[in-house]
Amino acid sequence: MTIKENIQQIESKIQSLQSNAKLIAVTKSVGEQEMREVFNAGVTAMGENRVPSLLEKQAVLADIQKEIEWHFIGNLQTRPVKDMINQIDYLHSLDRMKLAKEIQKRAVKPVKCFLQVNVSGEDSKSGFSPDEVIEVVGELAGYDKIIIVGLMTMAPIDATDSELHEYFAKLKETQTKVAEKGFAHAPCTELSMGMSQDYHIALEEGATYIRVGTSLYQ
Ligand SMILES: *Cc1c(COP(=O)(O)O)cnc(C)c1O
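Structural notes, computed from the coordinates. (Residues numbered from 1 in each chain as written. Predicted model: local features only at pLDDT ≥ 70, side-chain atom pairs only at ≥ 80, totals over all residues. Heavy atoms only, no water.)

Observations regarding the layout of surface pockets
Over the atoms, a rolling probe the size of a water molecule traces out where space has been left empty. We count it as follows: Using protein atoms alone on a 1 Å grid, points that fit a 1.4 Å probe yet trap it form a cavity, whereas open point sets bounded by protein on both sides within 12 Å along at least five of seven lines form a pocket; residues with an atom within 4 Å of a point count as lining. Grid points are joined across faces, edges and corners, and a volume is the space filled by probe spheres set on the points. We call Asp, Glu, Lys and Arg charged. Ala, Val, Leu, Ile, Met, Phe, Trp, Tyr, Cys and Pro are nonpolar, and the rest, Gly among them, are polar.
Reported here for the largest pocket is a volume of approximately 620 Å³. Lining the largest pocket are 29 residues, and of these Lys28, Met154, Ile157, Met195 and Arg211 lie nearest its centre. A per-class count over the lining of the largest pocket returns 11 nonpolar, 14 polar and 4 charged.

Some details on the pattern of salt bridges
The condition is simple: Put simply, a salt bridge is a Lys or Arg side-chain nitrogen that is within 4 Å of an Asp or Glu carboxyl oxygen. Under the scheme used here, helices are H or I runs from DSSP no shorter than 4 residues and strands are E runs no shorter than 2 residues, and both carry numbers assigned from the N terminus. Working definition: with a 1.4 Å probe on protein chains only, accessible area under 20% of the residue-type maximum means buried, over 50% means exposed, and in between means partly exposed.
Throughout the structure, instances matching the rule amount to 10 salt bridges. Among the salt bridges present, the one from glutamate 173 reaches lysine 170, with a minimum N-O distance of 3.8 Å. Taken together, the positions of glutamate 173 and lysine 170, both in helix H7 (residues 161-181) and 3 residues apart, correspond to about one turn of that helix. Assessed through its relative accessible area of 38%, glutamate 173 is described here as partly exposed. Assessed through its relative accessible area of 30%, lysine 170 is described here as partly exposed.

Digging into the site of the ligand
Selection rule: One heavy atom suffices: a residue is near a molecule or strand as soon as one of its heavy atoms comes within 4 Å of it. The term polar contact refers here to a pair of N or O atoms within 3.5 Å; inside protein, the definition further demands a hydrogen-donor-capable atom paired with an acceptor-capable atom, and it admits residues adjacent in sequence only when both atoms are side-chain atoms. For accessible areas, the Shrake-Rupley method is used with a probe of radius 1.4 Å. Any residue's cover is judged against the shown protein chains and nothing else. Any molecule with more than half of its atoms within 2 Å of a cavity's or pocket's grid points is regarded as sitting in that cavity or pocket.
As a matter of local geometry, the ligand sits amid Val26, Lys28, Ile73, Met152, Met154, Met195, Ser196, Arg211, Val212, Gly213 and Thr214. Between the ligand and the protein, one listed contact pairs an oxygen atom with a side-chain N or O atom of serine 196 at 2.5 Å. Here an oxygen atom of the ligand and a side-chain polar atom of threonine 214 are 2.5 Å apart. Surface burial for the ligand is 88%, taken as the share of its 380 Å² of free accessible area covered by protein chains. Here the ligand is seated within the largest pocket.

So, the environment of glutamate 56
Of note, glutamate 56 is situated in helix H3 (residues 51-60). Each C-alpha atom, one on glutamate 56 and one on glutamate 32, is 9.7 Å from the other, the two residues being 24 residues apart in sequence.

Details of the packing of aromatic side chains
Cut-off, in case you're wondering: Stacked, edge-to-face and tilted are the three classes for Phe, Tyr and Trp ring pairs, Trp counted by its six-membered ring, which pair at centre distances within 6.5 Å; planes under 30 degrees apart are stacked, over 60 edge-to-face, the rest tilted. Should the NZ of a Lys or the CZ of an Arg lie within 6 Å of a ring centre and within 35 degrees of the ring normal, that charge is described as sitting over the ring.
In the structure shown here, the tally under the stated rule is 3 aromatic pairs. Relative to phenylalanine 114, the ring of tyrosine 90 lies with its centre 6.2 Å away and its plane at 40°, an arrangement referred to as tilted. With a gap of 24 residues between them, tyrosine 90 in strand E4 (residues 90-94) and phenylalanine 114 in strand E5 (residues 111-116) connect regions that are remote in the sequence. Judged on exposure class, the residue tyrosine 90 and its partner phenylalanine 114 are both buried. Ring geometry for tyrosine 90 versus tyrosine 209: centroids 5.8 Å apart, planes at 50°, classification tilted. Taken as a pair, tyrosine 90 in strand E4 and tyrosine 209 in strand E8 (residues 209-212) lie far apart in primary sequence, 119 residues in all. Classification of tyrosine 90 as buried rests on a relative accessible area of 10%. Judged by its relative accessible area of 8%, tyrosine 209 falls in the buried class. Three or more aromatic residues joined by ring pairs form one cluster here, namely Tyr90, Phe114 and Tyr209. Above the ring of tyrosine 90, the side-chain terminus of lysine 112 is found at 5.1 Å from the ring centroid.

In C-alpha cells, the structure reads:
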C-alpha cells in the first residue's frame, strides 16, 4: 500500500475508537522522499531518534521544516543536547535527571517533554519506574526550561496483548496521578504510547500520541 493509504488506515482506526490521538510518523528508517509523501498526506508530526539524522533531515526539508512538528523519540545523550534541543517541538525521552539538567542549561525556551517510564521493568529499557514518577516531577518544578506534557513508554517487543493492555493502563494510571497534582510545570495530560505492532491496543488504553514507523512504509 502507499504511504497515504497506510496513513488513512491508521487515521480510520483512531476515529473508529473515538480517539483524538495524534499520529506521529516515525521517519528514522526513511529518507527525504518518504517524508515529503508523509507531509503531503497531511501528517505533520514526525519522529526521529538520532541527533545527526534529525539535523540532516531538517536541512533537506528546509522549505517545509517550519510546518513540521519535530518529535525526538530516541535515547538522548547529554553531549548533543546543545545541538538539537532548540530545534525540536517535543522530547519523548526524558529518562534521567542528568538529561533534565543539561536541557535546563541549554534550552532557550521551555521544552515540551514526556517523561519516559519503564512500565515493564525490563533491564534493557531506560526510563523512570512508575513509582518514582511523582517524586521526579516534584524535583523538576525547579526547572523552568522543562514542561512535562505527559508520559511516554515503550512496551517489550514480545509482550502478549493482555500484557500490553496492562502496561499501557499502568502508564495511564500514572499520568492521571501526576495530572491530578495540578503542578504548573507538569500539566501531564498526554500519553505517548503505541508503535506499529501495538498502537491499536495503546489507543484503546487512551494514547494521545502514537508513534508509528514501519507500518507506514510497507
Ligand atoms: C522506532 C520507534 C518507533 C516506531 O516503531 P515502528 O515499530 O517502526 O512503528 C516508536 N517509538 C520509538 C521510541 C522508536 O524508536
